[in-house]
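Notes for the structure review
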Amino acid sequence: MKRILVLAYLRNNVGDDLFINQLANRYPDTQFYVRVINKQYIEPFKHNLNIVEVNVKEETFEHIDMEQYDACIYMGGSIFMEGGKVYNLDEDCVQFIKDCKKNSKPFYYISCNYGPYQTEKYFELSKQAFINCTDICFRDLYSYQLFKDIKTVRYAPDLVFSYPIEKSIIGEGTIGISLIDLEIRDDIKVKEQEYISFLSKNIKRYIAQGKKIYLFSFCQYEGDENMVDKLKCVLTKEFEEQNIQVVQYHKNIESFLQKYSKMEYMICQRFHSIILSYICKQKFYVISYSKKINNILEDLKIANSYMGFQEIKEDKILDLKDFNEVDETKLNKIRKDAEKQFEAVDRYLKG
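Here the structure is a predicted model, which is why all the values come from computation and not from measurement.

Topic: the overall build of the protein
In terms of regular secondary structure, the protein is built from 12 helices and 13 strands. What you see for the protein is a C-alpha radius of gyration of 20 Å, in line with the 20 Å of a compact globule of 351 residues. If you line up the protein on its principal axes, its C-alpha atoms span 65 × 45 × 40 Å. Residues counted as buried form 58% of the 351 residues belonging to the protein. Intrachain contacts of the protein at a sequence separation of at least 6 include 74% that bridge at least 24 residues.

What to know about the sheet that holds strand S10 (residues 244-248)
One open sheet holds the six strands; their spatial order is S10-S9-S8-S11-S12-S13, and the pairing between them is parallel. Two strands in the sheet have a free side with no partner beyond their single neighbour: S10 and strand S13 (306-308). The average angle at which neighbouring strand axes cross in this sheet is 20 degrees, direction not considered. Across five bridges, the pairing between strand S9 (residues 212-217) and S10 is parallel. Paired with Ile-213 across the bridge in S10 is Ile-244. Sheet contacts for helix H10 (residues 291-300): strand S12 (283-288) and S13; angle to S12, the most-contacted strand, approximately 135 degrees.

As for unusual backbone geometry
In this model, Gly-115 is joined to Pro-116 through a cis peptide bond whose omega is 0 degrees. Along the chain, the position of Pro-116 falls in the loop between strand S5 (107-112) and helix H3 (120-132). Even without being glycine, His-63 reaches a positive phi, approximately 65 degrees. As for its position among the elements, His-63 is in the loop between strand S3 (51-55) and strand S4 (71-75). One non-glycine residue, Lys-281, lies in positive phi territory at about 60 degrees. Checked against the element boundaries, Lys-281 lands in the loop between helix H9 (271-279) and S12. Accessibility expressed as a relative area gives 42% for Lys-281, which makes it partly exposed.

So, a negative patch on the surface
Taken together, the side chains of Glu-58, Glu-62, Asp-90, Glu-91 and Asp-92 present a region of like negative charge at the surface. Relative to the helices and strands, Glu-62 is located in the loop between S3 and S4. The class for Glu-62 is partly exposed, based on a relative accessible area of 40%.

Focus: the pattern of salt bridges
Tallied over the full model, the rule gives 23 salt bridges. Note that Asp-181 and Lys-230 form a salt bridge whose closest N and O atoms lie 3.9 Å from each other. Residue Asp-181 is located in the loop between strand S8 (174-178) and helix H5 (192-208), and its partner Lys-230 is located in helix H6 (residues 224-234); the two are separated by 49 residues in the primary sequence. With a relative accessible area of 19%, Lys-230 lands in the buried category. Between Lys-321 and Asp-322 there is a salt bridge, with its nearest N and O atoms 3.6 Å apart. When its relative accessible area of 37% is taken as the criterion, Asp-322 is described as partly exposed. Beyond isolated ion pairs, a larger network of salt bridges with shared partners links Asp-181, Glu-183, Glu-192 and Lys-230.

About the criteria used
Residues numbered from 1 in each chain as written. Predicted model: local features only at pLDDT ≥ 70, side-chain atom pairs only at ≥ 80, totals over all residues. Heavy atoms only, no water. Helix = DSSP H or I, 4+ residues; strand = E, 2+ residues; numbered from the N terminus. Rg over C-alpha atoms; globule rule 2.2 N^0.38 Å. Buried < 20%, exposed > 50% of the residue type's maximum accessible area, 1.4 Å probe, protein only. Contact = heavy atoms within 4.5 Å. Pairing = 2+ DSSP bridges. Axes fitted to C-alpha atoms, helices over the stretch in contact; angles between N-to-C directions. Patch = residues over 30% accessible without salt bridge, like charges linked within 9 Å, V, L, I, M, F, W, Y side chains within 5 Å. Areas by Shrake-Rupley, 256 points an atom, 1.4 Å probe, with all protein chains shown as cover. Salt bridge = Lys/Arg side-chain N within 4 Å of Asp/Glu carboxyl O. Lys, Arg positive; Asp, Glu negative; His and termini not counted. Charge placed at Lys NZ, Arg CZ, Asp CG, Glu CD.

In short, the description is geometric, and any link to function would need to be established separately.
Shown next, in the form of structure tokens:
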């Protein structure tokens, strides 16, 4: 049985936890050693018998003993932000990857995007890392185009597009909203009051139309539930009358997905809420807070209409007739293409 070290951004965040779950389920005969700084972050995988918890004090490349493992997989989305904190790409990272190559230990990056970055030094370090890793599969064409001349670099749609979700029976008249906390995002936090007013006005309008509202928190650590609390302050009556329900992701992946898949409509702000809504064939509308979201929408052409956070106005109404519908032919192709994220690891683990 192969012993694989797994690096990831683990904070009980739906998207990243889906990555790990897919990895463990795809290769049941492989033992995955997942590094975590907090025991609670491994709890979503307690039913995966091939996942082993490795407790660490810091999420860096220092003090990793690869003698214990056959290979290393780093799964994550926005893992190449200059100045990042979790297994950041720096001199230690490049040296670690070089050491893996020297000692015939494969190193894989899966389902990631590149940037934002500010310096040429960081960009050059990145090239050194990618040249020496076994395979890196980006999830957007922007990142791929930056490094396409490196033979280890590939592109495929985000891994979650291939997640084998069991779709529930749609709850007619249900509208879900995946929230984000603007306080931790410097470029858009000035929009917070306008954002809250915009959401509350639209929610009241939907309730008046007889709709049932569900607020989805994808990650408590990143403040999604802070935004729930702020909305409660301006929608007290609607919460008291139970016209609004809150769905929190607290370590049970399948329970969260079951509730998510019941939505007839979704207002997507989280990156992976877009993907989940697409594979659940929901009517959806995207409010983009970052370039990584714009890139996926432009690459795959899955949304005819969406808007950025800078376009949010208190009196802007999202009409349900403007929500996007899923093209099933396109969905089937994207799901198949997303499987290619595992292409190199398949060759290694499945032979």
